[in-house]
Amino acid sequence: MSIMDTNSTAGEHLIPHTARIAAATAKGSARDEQSESDAARIILQLEQNHAEANAVGLGSPDLDTFHSLIVSLVAEADDPEAVIAYIAELLSDHAENKAYLPKLIQECERLGLALQLTDDPTVDLPGIRTIDGRRTVVARADEVAVAYDDVHAVGRCLTCSGELDGTALLYFPANALLSFRAVQDMTGADVKICRTCVEASGIPLTTAQRGPEWMLR
Ligand SMILES: [Zn+2]
């Protein structure tokens, strides 16, 4: 990922992050010559990228704001290389999040859950809350990929990710450690495995997997 990938919508979402960058790169007492020449080189590159984006019709006021912000951060940083690497990483995460959003929405629809993205830093892991009477997945806007993984796992086989039917078995394999306890998904339901995967594994069923029906036979 290079800074070249800056797109016209990056600015509006990334501006909040710049407070963190600014904190991490507070100007020190003296900047050495290396930093000065790094900054000059990076700013030249940024100016070229910005001009190219405008030339191909990707220009926007947001992009202009974003561009000016990055230039000013680079211009003042003690370590311009580190700043630009950090920004490139943020952009890459941002692009990944964007790519996962439609998939997350689809998975929420599959489960009949609403979705609410938040910038609240106190929301750590994605979770399910009841909001306005609806079960809602609440996840951080910058952790869409994590939320997707969690929501995607619900109601699916741990091994093949296929959707489970009534024949699914608890994921409680015979070769598990004694201390093993069935793990749960984000809804609190026990993680399960489909019958095809159990049979393919060749591992005999445990009592927990056979369940009460078997006990009654
Ligand atoms: Zn399976």
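The rules behind these values
Residues numbered from 1 in each chain as written. Predicted model: local features only at pLDDT ≥ 70, side-chain atom pairs only at ≥ 80, totals over all residues. Heavy atoms only, no water. Donors = N, O, S within 2.8 Å, 3.2 Å for Na, K, Ca; no water. Tetrahedral: all angles 85-135°; square planar, octahedral: opposite > 155°, others 65-115°. Helix = DSSP H or I, 4+ residues; strand = E, 2+ residues; numbered from the N terminus. Core = buried A, V, L, I, M, F, W, Y, C linked by side-chain atoms within 4.5 Å. Buried < 20%, exposed > 50% of the residue type's maximum accessible area, 1.4 Å probe, protein only. Pairing = 2+ DSSP bridges. Axes fitted to C-alpha atoms, helices over the stretch in contact; angles between N-to-C directions. Polar contact = N/O pair within 3.5 Å; in protein donor to acceptor, adjacent residues only side chain to side chain. pLDDT = per-residue confidence, 0-100. Contact = heavy atoms within 4.5 Å.

Coordination angles at a metal have ideal targets, namely 109.5 degrees for four tetrahedral donors and 90 or 180 degrees for six octahedral donors. Coordination of the zinc ion by the protein involves Cys157 (SG), Cys160 (SG), Cys194 (SG) and Cys197 (SG), with metal-donor separations of 2.2 to 2.3 Å. The coordination sphere of the zinc ion comprises four donor atoms, whose angles at the metal cover 104 to 114°; the geometry is tetrahedral. Counting the intervening residues between successive donors of the zinc ion yields the motif C-x2-C-x33-C-x2-C. Residue cysteine 160 is located in the loop between helix H6 (144–153) and strand S4 (169–170), and its partner cysteine 197 is located in helix H7 (residues 195–201); the two are separated by 37 residues in the primary sequence.

With that settled, consider the nonpolar core. Core analysis: the biggest nonpolar cluster contains 14 residues, and Ile42, Leu46, Ile70, Val74, Val83, Ile84 and Ile87 have the highest contact counts within it. The set of elements that each furnish at least two residues to this core consists of helix H3 (33–55), helix H4 (61–76) and helix H5 (80–111). No other element matches the five residues that H4 contributes to this core. Cys108, Val137, Ala139 and Tyr148 belong to the second largest nonpolar core, which has nine residues in total.

One open sheet accounts for three strands, arranged S1-S3-S2; its pairing is mixed. Sheet topology places strand S1 (114–118) and strand S2 (127–131) at the edges, where each strand pairs with a single neighbour. Within the sheet, the average angular offset between the axes of one strand and its neighbour, ignoring direction, is 40°. In this structure, S2 lies alongside strand S3 (residues 134–140), joined through five bridges in antiparallel fashion. Bridge assignment links arginine 129 to a residue of S3, and that residue is threonine 136.

Among the structural elements, threonine 118 can be located in strand S1. On the basis of relative accessibility, which here comes to 17%, the residue threonine 118 falls in the buried class. A polar atom in the side chain of threonine 118 sits 2.8 Å from the backbone nitrogen of aspartate 120.

Here we take up the confidence of the model for the chain. Here the chain shows a mean pLDDT of 83. Residues at 70 or above account for 78%. The least confident element of the chain, judged by mean pLDDT, is helix H1 (residues 10–14) at 51; the most confident is S3 at 96. Note on residues 4–8: pLDDT is under 50 here. Beyond four places in sequence and across chains, it has 12 contacts.

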